[in-house]
Amino acid sequence: MHPWGDTQALETLDAALALRAELQAAGLSVTLARQQLRPDAVNFVFGVQYGFDAAAAAGQACVLVNTVPLKPGSLEMPPAALRLLKRWPVLETQPGSEACYRSGQPGEPAVAHWLPGPLQAVPNTTTPLAQRPLGLLMPGEATARQGALLAGMAQMGIGVERWSHSLAGPERQALCGQARAMLMLLREDDAPVDALGMALALRHGTPVLAERPNNAQISLPPALMAGVQWFEPTPQSLTQALAGGAMSEGFVAQAEQALAQWQAGPHAGIAAALALAEATWAASSSARQAAPVLDRLRLLGANEARWPGWWHVRAPQGLQAPIATRCWTWAPPCPPPGRPAWAA
């Protein structure tokens, strides 16, 4: 989901690209679209927190993908989005977050877990760690807590490069590829770690230096635990983790070792996501086949967003026509038998 003009919603693009790549590596045909559902495919929907029309998606095979680290009582997710997560199948990318929308009662929609794994082939354009010009890089706007920690690091002589504007896709990957480590600070004292953000950075060859929650049990896959360089929010722990500074040979050697451990795995892969998609497709197939198909056609003007579940035709400039029409004479493509198509 990416409302027109909302640049913050781009934060889910990198996860969507990673999921598409892993599905394609499994031999599946996958499309990627904005504000659009495919009636002949299983739809992995990213960015539900930015708006998801459940009524328009009725009858479609949809799996909502949660990319936000949640904790009970969390304000990171709008209440309406949490209600949607309770009602639809979910692909969870943040271990432990499902406790905020699942109670373990019989009949609840299924949940599967997925985190991006290593790239099958490292691009030739990847800059060796020792030759990268940036030390620590931290994405996003800083909370008050993060700002205080950054100020303390500055007093210790530890510089951190920042970007606060929306950056996603190849541009984000290119910037991260110039840093020797991604710095991941907790947003609040009791905030959960961003497992998806860590996995995406490691996937593209950037080590991760992350703050460990104080006196908290971290439930993460073993490969991610081993591949991240953890530190406590104390000067002594941070100094030890940096091993002489982010630009030093000691830190580079330490970071390369942690990155190699993550790449070696083991990784759960895409199997759980595929099983969830197959079950979602099977559950929605009978309803789609039993009811007559009512197709919806809408003329799309300049800079207008698509409506989920509708056919769209680009309107020629100056054409005066009804904004939308319901048409019984068109039918969407029939779902192929057996394995469904895929959309993200």
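The structure we're discussing is the one just above.
My aim in this report is to walk through the structure given alongside it, one point at a time.

The rules behind the values
Residues numbered from 1 in each chain as written. Predicted model: local features only at pLDDT ≥ 70, side-chain atom pairs only at ≥ 80, totals over all residues. Heavy atoms only, no water. Helix = DSSP H or I, 4+ residues; strand = E, 2+ residues; numbered from the N terminus. Contact = heavy atoms within 4.5 Å. Areas by Shrake-Rupley, 256 points an atom, 1.4 Å probe, with all protein chains shown as cover. Salt bridge = Lys/Arg side-chain N within 4 Å of Asp/Glu carboxyl O. Core = buried A, V, L, I, M, F, W, Y, C linked by side-chain atoms within 4.5 Å. Buried < 20%, exposed > 50% of the residue type's maximum accessible area, 1.4 Å probe, protein only. Pairing = 2+ DSSP bridges. Axes fitted to C-alpha atoms, helices over the stretch in contact; angles between N-to-C directions.

## As for the overall build of the protein
Looking only at helices and strands, one finds 9 helices and 14 strands in the protein. Counting only contacts in the protein whose residues sit at least 6 apart along the sequence, the fraction spanning at least 24 positions is 66%. Within the structure as shown, the protein displays about 17,000 Å² of accessible surface, and the carbon and sulfur contribution to it stands at 56%.

## A few points about the pattern of salt bridges
Scanning the entire structure with this criterion turns up 6 salt bridges. Beyond isolated ion pairs, a larger network of salt bridges with shared partners links Arg-145, Asp-189 and Glu-211.

## Description of the nonpolar core
Formed by 50 residues in total, the largest nonpolar core has its most connected members in Phe-44, Leu-91, Met-198, Val-208 and Leu-224. Of all the elements, helix H5 (residues 195–203) adds the most residues to this core, at 7 residues.

## A few points about the environment of Gln-35
Summarising the element assignment, Gln-35 is placed in the loop between strand E1 (30–31) and strand E2 (41–46). As a C-alpha pair, Gln-35 and Phe-46 span 11 residues in sequence and 10.0 Å in three-dimensional space.

## Comments concerning the sheet that holds strand E6 (residues 134–139)
Strand order in the open sheet formed by 5 strands is E7-E6-E8-E9-E10, and the pairing between neighbours is parallel. Two strands close off the open sheet at either side, each with one partner strand: strand E7 (160–163) and strand E10 (229–231). With direction set aside, neighbouring strand axes in the sheet form an average angle of 30°. Two elements, E6 and E7, share 4 bridges in a ladder whose sense is parallel. Along E7, the bridge assignment pairs Pro-139 with Trp-163. With respect to the sheet, H5 is in contact with strand E8 (179–184), strand E9 (208–211) and E10, its orientation differing from that of E9 by roughly 165°.

Nothing here speaks to function; it is geometry throughout.
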